[in-house]
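Commentary on secondary and tertiary structure
The primary structure of each chain is shown beneath.
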Amino acid sequence: MFRHRRRGEIPSLNTSSTADISFMLLIFFLVTSSMDAGKGLKRQLPPPPQDQEQVADILDSDILTVSLDADGNMTLDGKTVTLDQLQKEVRQFAAVNPKHRVVAVKTDPQTKYDAYFRLQDALVAAYRPLKCPPRISEVVEEQGKKGGQP
């Protein structure tokens, strides 16, 4: 009548379909979730260096220096500017000869990403009417070294 369970025996669970259900849930969430692929910077990288490539010298008059400090303040050749002023100045600078003009961007290592991306958006917007890719050189300024070493 009654079945006696043996002592210490743990009843087993049927887990044969657990892997199938987990796989189906994984597929469902991968298909239904959205991935923000619209973020990022579109840049054209330079070609790899050739064996006998000549290094082109750039004149100082063909370089426009934009600095971005840790607080998000922008300076253009030493003058503090807003995003609109920066965009106008870069557009005027690049309009003369856009293929030979370079915008040098110097940033502090503590600069916030939001300020950096706003700067990049302003530079790209300045070059948009010229219908040529921007020539941007980026440099991260090193923080001062401690202990009296240069």
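Heads up: these notes are all about the structure in this document. (Residues numbered from 1 in each chain as written. Predicted model: local features only at pLDDT ≥ 70, side-chain atom pairs only at ≥ 80, totals over all residues. Heavy atoms only, no water.)

Taken together, the side chains of Phe23, Met24, Leu26, Ile27, Leu30, Val31 and Met35 present a nonpolar region at the surface, about 770 Å² in accessible area. Secondary-structure assignment places Ile27 in helix α1 (residues 18–32). Ile27 gets classed as partly exposed once you look at its relative accessible area, which sits at 36%. (Patch = residues over 30% accessible without salt bridge, like charges linked within 9 Å, V, L, I, M, F, W, Y side chains within 5 Å. Areas by Shrake-Rupley, 256 points an atom, 1.4 Å probe, with all protein chains shown as cover. Salt bridge = Lys/Arg side-chain N within 4 Å of Asp/Glu carboxyl O. Helix = DSSP H or I, 4+ residues; strand = E, 2+ residues; numbered from the N terminus. Buried < 20%, exposed > 50% of the residue type's maximum accessible area, 1.4 Å probe, protein only.)

Below, the discussion takes up the pairing of strand β5 (residues 136–140). Both strand β4 (residues 102–107) and β5 contribute to a ladder of five bridges, which runs parallel. For Lys106, the partnering residue across the bridge sits in β5 and is Val139. Each parallel crossover has a hand, and the one from β4 via helix α3 (residues 113–127) to β5 is right-handed. (Pairing = 2+ DSSP bridges. Right-handed = clockwise from strand over helix to strand, strands pointing away.)

Here the focus is the pattern of salt bridges. In this structure the tally under the stated criterion is two salt bridges. A salt bridge links Asp62 to Arg101; the nearest nitrogen and oxygen atoms lie 3.1 Å apart. You can see Asp62 sitting in the loop between α1 and β1 (63–68) and its partner Arg101 sitting in the loop between α2 (83–96) and β4, a full 39 residues away along the chain. Neither residue differs from the other here; Asp62 and Arg101 are each classed as buried. Note that Arg118 and Asp114 form a salt bridge whose closest N and O atoms lie 3.5 Å from each other. One end of the pair is Arg118 and the other is Asp114, both in helix α3 and four residues apart, which spans about a single turn. For Asp114, a relative accessible area of 52% puts it in the exposed group.

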